[in-house]
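Understanding the architecture of this molecule
Chain by chain, the residues:
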Amino acid sequence: MTYIPHTERDIAQMLEKIGVGSLDDLMQVPDAVKIRAELDIVPALPEYQLARRLSRMAAKNTAVDAISFLGAGAYRHYVPPAIGALAMRGEFLTAYTPYQAEVSQGYLQAIYEWQTYICLLTGMDIANASVYDGATALAEGAIMAINANGRKKILVSRAVDPNYRAVLKTYCDGLDITIDEVPLAADGSTDQAKLRDALAGKEYAAIAIQSPNFFGVVDGLEPGSAEAARASGTVPIAVVSEAISLAALATPASWGAQIVVGEAQSFGVAQAYGGPYVGFIASTTEHMRRIPGRLVGKSVDNRDQIAYVLTLQAREQHIRRERATSNICTNQAHCALIATIYLALLGKTGLRDVAGLNLERSRELATAVSSIPGCDLRFEAPVFNEFVVNVHQPAETVLAKLRERNILGGVALGRFYPEFADSILMTATELTTTSDITALAAALKEVVNVPARV
Amino acid sequence: MSLPQDLHYSNEHEWVKLDGDVATVGITDYAQHSLGDIVYVELPKVGKTVVQAGNVGVIESVKAVSDLFTPVGGEIVEINGALDADPSVLNREPYTDGWLFKVKGVDAAQLSSLLDAAAYEKLTAE
Amino acid sequence: MSLHASEALIFEIGEEGRANAYVETAKPLGTFLPKALLRDDLPLPDNTELDVVRHFTRLSQRTFGIDLGFYPLGSCTMKYNPRVNDQMANLPGFRDLHPYAPDELAQGALQVMYELERSLASLFGMAAFSLNPSAGAHAELAALLIAKKYFKDNGQVVRDKVIVPDTAHGTNPASAAMCGFKVISIPSDARGRVDVELLKKAVGPDTAVCMMTNPNTLGLFEDHVHEITAAVHAAGGLMYYDGANGNAIMGNVRPGDMGFDLMHLNTHKTFTIPHGGGGAGHGPVGVAAHLVDYLPTPVVRAVPKPDADPKLAPSDQLTFSLDFDRPKSIGPMRSFWSNFAHAVRALAYIYANGAEGLKKVSQLAVLNANYIRVGIRDVIETPYDEICRHEFVASAQELKKATGVRALDIAKALLDKGYMAPTIYFPLIVPECLMIEPTETESKETLDTFIAALREIIATAKSDPQAIMDAPVNTVVGRVDETRAARQPDLRWHPPSTN
């Protein structure tokens, strides 16, 4: 039997010691609940066949062989092999949550380092040990704000990732919280005047704004908007879905965020068709007791040595139950470890280079694409590593034709923004090559051909 | 277990000292001892109106959370800010430096539903 | 280098410019963006790859995992994590697949999700699962949101109570509160089961959901479960199965057959996904037929390929797509579709075992738990001393009265002997509780040595209690001052002041 050490002799001896006749006797249940159907499960496979079958499935995912300009919340970045070699060590991989601090010092220290990295990158005072992903980080951040000021409405920029907004809605439906949206300005950023108008009513627990926003645009709160949030008692939440941007852009703290939530997949975590990724929540000290999930603190042991331990646990569900700050239990520790190793390997110099190369390649891509007749940039505001291209015809059609040429040209915006059905969100990272860009430009020229002005 | 004779006590292990119409509230030595090392106290905001026996905050020890009830009703006029920096005062001096908050507008009639030291001692001996 | 020397923080080593050549040197950032949009400083350390490798290798050596020893952590199902599963999850076709890859170029990934979903539905007797939630608690939240929306759509907004036994995991009441439900706690009876009479009294027209773990967290099968489901259904409520203890029932009894309408699984427990130090998890949420439309989005849809070769495996004859267009759905629970890499691992485990193998897994998990129980019950109280399922509870209450040694001390003494400690002080209804779950992957020899170690600790507690109260002494640090950690929170390193 697979992964099971018991010999028939072991089983017989153990049953005898327990004092039951058979394994079936151990598993007795009332007749009323007995199993009522044959299980429809594939027959057991030996390991080599199992590997063969799954490898065949992996090979059907031919998208990985295409030239790709996909981003929109999940990014392809260089992952140094040292990350896998370290993170896949059995001690890390097969540990549980570090409840027993004495035998978990290594993992606890790594999480303390992760918390520190997130603070240094965002400019916040504290950060938690991770949440599921960027979208759930936003939902949990919004709940922190609701718990801070007791209000029942959340204000969100329409330029926040539509998936994040959808998840926020799922969570808010549970809590009977209303969500209102701030419209876009013409340049692809959040409309600051409309945002200030909305804040005047002092009814919102939080204002959530993403930078770079879903269109790649460097966004945030203008000083006047930050002041309006302060005056209204509304907690500014910054959302970050491309974490590499934190190495280049002014920190969310610098434009007034009290809570920063986001996704750290870009720090060495595989794209893996959407997960697992790693969300983070950072905040100013005043929100410390409201931050959800685990926190690692530094203390001392009974021999006066430095020692790390899970702390402020009285916030959590296993103690506070229905009054906990969140129901979160398992988080994304292993992905946070991967991200921590990534940040350690890249360092200040490497991370700045990666950020710089993302800026450079995205501009090279934008220049190439916008020089094609029938393609132009939808927005004028400065971007980080992605931007919106207006192809003046259904974007889905253009992308399908690019697909025939083995190119994934980007994400069609129509599924999220009906008014942008003719637009594509394109992304370039440090792994995007000049030949990729040349190939896309050549293909686009053929595909878009006569610009059908609408 | 220390138990001052001049205070009034609640079944929820709070003490009250009335001075005019202002009551000072804290938790008893018995309470701090059962909670263990107290690490954080969440107190009501100054200016808030509270009702007798209402839930006004929480007290956290390392691995437990207890609700904090007010034994008297009125308006919160002062809270013990020193507890934020050093909650261990609650363990060391529950009846003096470890007081929690002051309530104004308390009439003596409210005290009639509370216990005297002897009755409270009996409660904790059970 | 002694393991006892503390490891410096990554921020305390390295020198600026000691960089690794992973990418080209970039032009100054000011070339691309106005200075006002850029940050002034990036106070992160630069380290050589060698220093980073040493740092994290040393940290790993200060961490205990299943790969190092027996991990009898109750409620957590710390079984062996097969390496082939990780290798499969890391195949480039899975690892490097972007979530927005077009469906037709991601058929293999969709097939994995489809096959896992169908297998779980059959194995647990539910109509359908969604692989969307990220972990057990996340799936609980999804299930309660489904219940809330279901009642709302049926005009039953008055149903605002969730019934939870007092042995429930803390996530149950916490999840209920996140949906605005009020929590009613039902005490256990003398047999350690939900008190059915009290439960029947609590059930009424305001009951939304009754959440149960079966076997419960005492490791006991709730043998009146069919009466409970009948009572809750008669009142119009829904039954929720907390699948944290799925390892006790796989292939032997099914939540669907017990009458549950909603359930979740922790595939990171039952299906050998590595816990990774506290996640990532994977929490499929399952429903009976009347709730399928409410599952979180997206779900995988399969249609027969018109030209499929009938000799192929059934799932090879299908075409798959992600279905987002589900008007009754509660919506998505997370950024992207699933913790997909974990779906690969779980499916690999199902392939390795087949139906018979999975059934045997649960039987041997139960065998191992009972074997430890009878091996220690003469030296430590086992409050519910009957055939348990995959785990059981012991209580150090008598020992504490006699010697002062608490459950916590026993746990720490086990660390000294090279074992992970059991779960302690949970469930809350058992004083000085030790909750032991060995899992099926441990051999009789491992269990025998563990039993001997526990017996020796209890003997020492009686002869020299201080020795146990001083434990652990063989670990890199001793007991940590948790009070100090909570009173003066130090949650991060700070750069040295530049003044």
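Quick caveat: nothing in here was measured; it's all calculated off a predicted structure.

Regarding its fold elements, chain A presents 14 helices and 15 strands. Overall, chain A is about 85 × 55 × 50 Å in size when its C-alpha atoms are taken along their principal axes. Out of the 454 residues in chain A, the part that is buried amounts to 61%. Taking the intrachain contacts of chain A between residues at least 6 apart in sequence as the baseline, contacts between residues at least 24 apart amount to 73%.

With that out of the way, let us pick up the overall build of chain B. Across its full length, chain B carries four helices and nine strands. Written out in order from the N terminus, the α and β elements of chain B read β-β-β-α-β-β-β-β-β-α-α-β-α. By the compact-globule yardstick of 14 Å for 126 residues, chain B fits well, its C-alpha radius of gyration being 13 Å. Along the longest, intermediate and shortest principal axes, the C-alpha atoms of chain B span 35 × 35 × 20 Å.

With that out of the way, let us pick up the sheet that holds strand 8 (residues 279–283) of chain A. Residues and elements named next belong to chain A. Strands sit in the order 2-8-7-6-5-3-4 across an open sheet of seven strands; the sheet is mixed. One side of each edge strand has no neighbouring strand; the edge strands of this open sheet are strand 2 (126–127) and strand 4 (178–182). In this sheet, strand 6 (residues 235–240) lies alongside strand 5 (residues 206–210) in parallel orientation, the contact comprising five bridges. Bridging from a neighbouring strand, alanine 208 pairs with isoleucine 237 of strand 6.

Once that is clear, we can look at the packing of helix 1 (residues 8–18) of chain A against helix 11 (residues 340–376) of chain C. It is at 9 Å that the axes of helix 1 of chain A and helix 11 of chain C come closest, and there the two elements cross at 50°. By the angle between their directions, the pair helix 1 of chain A and helix 11 of chain C is classed as oblique. For the pair helix 1 of chain A and helix 11 of chain C, the crossing hand works out as left-handed. Two secondary-structure elements touch here, helix 1 of chain A through Ile11, Met14, Lys17 and Ile18 of chain A and helix 11 of chain C through Leu367, Asn370, Tyr371 and Val374 of chain C.

Attention now moves to the interface of chain A and chain C. The interface is formed by 165 residues belonging to chain A together with 171 residues belonging to chain C. Per-element tally for the side of chain A that touches chain C: the top contributor is helix 12 (residues 333–370) of chain A, with 23 residues. Looking at side-chain class alone, the side of chain A that touches chain C contains 92 nonpolar, 42 polar and 31 charged residues.

In this section: the environment of alanine 101 of chain A. With respect to the element layout, alanine 101 of chain A can be found in the loop between helix 5 (90–93) and helix 6 (105–122). Sequence separation between alanine 101 of chain A and alanine 307 of chain A is 206 residues, and the spatial gap between their C-alpha atoms is 8.1 Å. Excluding its chain neighbours within four sequence positions, the residues that come into contact with alanine 101 of chain A are Leu108, Ala307, Tyr308 and Val309 of chain A together with Val480 of chain C.

This paragraph deals with the interface of chain A and chain B. At the junction of the two partners, chain A supplies four residues and chain B supplies four residues. Residues that form the side of chain A that touches chain B fall into these classes: two nonpolar, one polar and one charged.

Residue and element names in this part refer to chain A. When you tally the buried positions in strand 5, you get five out of five residues, the bulk of the element. Here strand 5 shows a buried face lined by Ala206, Ala208 and Gln210 and a second buried face lined by Ile207 and Ile209. Inspection of the sheet shows strand 3 (residues 153–157) paired to strand 5 by three bridges, in the parallel sense. Bridging from a neighbouring strand, valine 156 pairs with alanine 208 of strand 5. You can see the chain leave strand 5, run along helix 10 (residues 223–232) and come back into strand 6, and the turn it takes is right-handed.

A word on helix 10 of chain A. Residues and elements named next belong to chain A. Looking at helix 10, one finds that the buried residues are Ser225, Ala228, Ala229 and Ser232. Projected down its long axis, helix 10 carries its buried residues within an arc of 100°, all on one side. The exposed set on the far side of helix 10, more than 90 degrees from its buried face, consists of Pro223 and Ala231. Those residues of helix 10 hidden inside the fold are in contact with helix 9 (192–199), strand 5 and strand 6.

Here the focus is the sheet that holds strand 7 (residues 64–69) of chain B. Residues and elements named next belong to chain B. Ordered in space as 4-6-7, the three strands form an open sheet in which the pairing is antiparallel. Bordering the open sheet on either side are strand 4 (38–42) and strand 7, each of which pairs with just one other strand. Sheet twist, expressed as the mean angle between neighbouring strand axes with direction ignored, is 20°. Pairing of strand 4 with strand 6 (residues 55–61), which is carried by four bridges, proceeds in the antiparallel orientation. Among the inter-strand pairings, isoleucine 38 is bridged to a residue of strand 6, identified as serine 61.

Attention now moves to helix 6 (residues 171–178) of chain C. Residue and element names in this part refer to chain C. Across the eight residues that make up helix 6, a large majority, eight, are buried. Turning to helix 6, its buried residues number three or more, namely Thr171, Asn172, Pro173, Ala174, Ser175, Ala176, Ala177 and Met178. Looking one or two residues past helix 6, glycine 180 carries a phi angle of roughly 75°, positive in sign.

Okay, the confidence of the model for chain B next. For chain B, the average pLDDT comes to 92, and 100% of its residues sit at 70 or higher. At the level of chain-chain contacts, confidence expressed as ipTM amounts to 0.97, with global pTM at 0.96.

Residues and elements named next belong to chain A. Running from N to C, helix 9 and helix 10 cross one another at 10°; their axes reach a closest spacing of 9 Å. Classified by the interaxial angle, the pair formed by helix 9 and helix 10 is roughly parallel. Residues Gln192, Leu195, Arg196 and Leu199 of helix 9 form the contact with helix 10, whose participating residues are Gly224, Ser225, Ala228, Ala229 and Ser232. Across the contact of helix 9 with helix 10, the residue classes tally to four nonpolar, four polar and one charged.

In this structure, Ile237 of chain A together with Tyr240 of chain C are the most contacted members of the largest nonpolar core, which totals 362 residues. Considering every element that reaches this core, the biggest residue donor is helix 11 of chain C, with 22 residues. Beyond its immediate chain neighbours, meaning those up to four positions away, tyrosine 240 of chain C contacts Ala143, Val209, Cys210, Met211, Met212, Phe260, Leu262 and Met263 of chain C.

With that settled, consider the environment of proline 72 of chain C. Residue and element names in this part refer to chain C. Take proline 72: it is sitting in the loop between helix 1 (49–61) and helix 2 (83–89). Under the C-beta neighbour-count criterion, proline 72 is labelled buried, with 27 such atoms within 10 Å. Sequence-wise, proline 72 and alanine 208 are 136 residues apart; in three dimensions their C-alpha atoms are separated by 35 Å. In contact with proline 72, not counting residues within four places along its chain, are Tyr419, Met420, Pro422, Ile436, Glu437, Pro438 and Phe450.

Residue and element names in this part refer to chain B. By the bridge criterion, four bridges tie strand 3 (residues 22–27) to strand 9 (residues 101–104) in an arrangement that is antiparallel. Note on strand 9: the bridge partner recorded for alanine 23 is valine 103. Where strand 8 (residues 74–79) lies against strand 9, four bridges are found, and the strand directions are antiparallel. Within the sheet, the bridge partner assigned to isoleucine 79 lies in strand 9 and is phenylalanine 101.

Turning our eyes to something else, we now look at unusual backbone geometry. Along the chain, threonine 297 of chain C connects to proline 298 of chain C via a cis peptide bond; the corresponding omega equals -5°. Tracing the chain through its elements places proline 298 of chain C in the loop between strand 7 (285–287) and strand 8 (299–304). The peptide bond linking alanine 471 of chain C to proline 472 of chain C adopts the cis configuration, its omega dihedral lying at 0°. Here proline 472 of chain C shows up in the loop between helix 15 (465–469) and helix 16 (482–487). Positive phi values are uncommon outside glycine, yet aspartate 176 of chain A reaches one of about 55°. Relative to the elements of secondary structure, aspartate 176 of chain A occurs in the loop between helix 8 (162–175) and strand 4.

What counts as what
- Residues numbered from 1 in each chain as written.
- Chains lettered and ligands numbered in written order.
- Predicted model: local features only at pLDDT ≥ 70, side-chain atom pairs only at ≥ 80, totals over all residues.
- Helix = DSSP H or I, 4+ residues; strand = E, 2+ residues; numbered from the N terminus.
- Buried ≥ 20, exposed ≤ 12 C-beta atoms within 10 Å, placed from the backbone.
- Contact = placed C-beta atoms within 7 Å.
- Rg over C-alpha atoms; globule rule 2.2 N^0.38 Å.
- Pairing = 2+ DSSP bridges.
- Axes fitted to C-alpha atoms, helices over the stretch in contact; angles between N-to-C directions.
- Parallel < 35°, antiparallel > 145°, perpendicular 65-115°, else oblique.
- Left-handed = near helix turned anticlockwise from the far one by under 90°.
- Nonpolar A, V, L, I, M, F, W, Y, C, P; charged D, E, K, R; others polar.
- Right-handed = clockwise from strand over helix to strand, strands pointing away.
- Arc of directions from axis to C-beta.
- pLDDT = per-residue confidence, 0-100.
- Core = buried A, V, L, I, M, F, W, Y, C linked by C-beta atoms within 7 Å.

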